[in-house]
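# Geometric and topological summary
So the chains spell out like this:
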Amino acid sequence: LGGCYVRDAQKLPLYETVAKAGSRGVRSICVIHGKADPIVPYSYGQRFCDAASSAAVPCKAEFHLLYGADHGFSQREKEAAELAVFLLKKIIATE
């Protein structure tokens, strides 16, 4: 991916969009983020979940931080995949 992709991605209204998720019928959001991610700071994932759960029509937002994991979850791929499966099953069971 080149510089144009990064510049375009930085302009996306991510937090404003997720703040509308609850009013559009989204009931659950889950973010799994690597603490050692050198590309996207984990605080962005936290902010994303905060925006969803504090919106006018909130949705349940869970943030999971994997210590030692980078942007691609290197060294922690299996743990990230298992957590994603567990959380998806939990969401499906409650909806």
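Notes on the structure follow. (Residues numbered from 1 in each chain as written. Predicted model: local features only at pLDDT ≥ 70, side-chain atom pairs only at ≥ 80, totals over all residues. Heavy atoms only, no water.)

### What to know about unusual backbone geometry
A positive phi angle is found at Phe73, which is not glycine, with a value near 60 degrees. Tracing the backbone shows Phe73 in the loop between β2 (60-66) and α4 (77-94). Positive phi is not limited to glycine here, since Gln75 has a value of about 75 degrees. In this fold, Gln75 is placed in the loop between β2 and α4. (Helix = DSSP H or I, 4+ residues; strand = E, 2+ residues; numbered from the N terminus.)

### Regarding the layout of surface pockets
Of the volumes computed, that of the largest pocket is approximately 600 Å³. Every residue lining the largest pocket is counted, 20 residues in all, and those nearest its centre are Leu14, Ile39, Val40, Tyr44 and His71. At the level of secondary structure, the elements contributing two or more residues to the lining of the largest pocket comprise α1 (3-10), α2 (14-19), β1 (28-34) and α3 (42-53). Here the residues of the lining of the largest pocket are counted per class, giving 14 nonpolar, five polar and one charged. (1 Å grid on protein atoms, 1.4 Å probe; cavity = no way out; pocket = protein on both sides within 12 Å on 5 of 7 lines; lining within 4 Å. Points joined across faces, edges and corners; volume = space filled by probe spheres on them. Nonpolar A, V, L, I, M, F, W, Y, C, P; charged D, E, K, R; others polar.)

### Looking at the pairing of β2
As paired strands, β1 and β2 are joined by seven bridges and run parallel to one another. Looking at β2, one finds that Cys30 is bridged to Glu62. Chirality of the crossover, the property in question, places the unit of β1, α3 and β2 among those that are right-handed. (Pairing = 2+ DSSP bridges. Right-handed = clockwise from strand over helix to strand, strands pointing away.)

### A word on the side chain of Asp37
The topology assignment puts Asp37 in the loop between β1 and α3. The side chain of Asp37 is buried and forms no salt bridge, while Lys35, the nearest opposite charge, is found at 12 Å. One polar contact links the side chain of Asp37 to the main-chain amide nitrogen of Ile39, over a distance of 2.7 Å. A distance of 3.0 Å separates the side chain of Asp37 from the backbone nitrogen of Val40, its partner in a polar contact. (Buried < 20%, exposed > 50% of the residue type's maximum accessible area, 1.4 Å probe, protein only. Lys, Arg positive; Asp, Glu negative; His and termini not counted. Salt bridge = Lys/Arg side-chain N within 4 Å of Asp/Glu carboxyl O. Polar contact = N/O pair within 3.5 Å; in protein donor to acceptor, adjacent residues only side chain to side chain.)

### Regarding the pattern of salt bridges
One pass over the full model with this rule turns up four salt bridges. The partner of Glu62 in a salt bridge is Lys90, with the nearest N and O atoms 3.0 Å apart. Separated by 28 residues along the polypeptide, Glu62 in strand β2 and Lys90 in helix α4 bring together distant segments of the chain. Taking the relative accessible area as the measure of exposure, Glu62 reaches 15% and is therefore buried. Exposure remark for Lys90: the relative accessible area of 32% places this residue in the partly exposed category. One connected set of salt bridges, linked through shared partners, spans Lys60, Glu62 and Lys90.

### Here we look at the environment of Thr94
Examined against the element boundaries, Thr94 turns out to sit in helix α4. By relative accessible area, which is 59% here, Thr94 ends up exposed.

Structural measurements only, silent on function.
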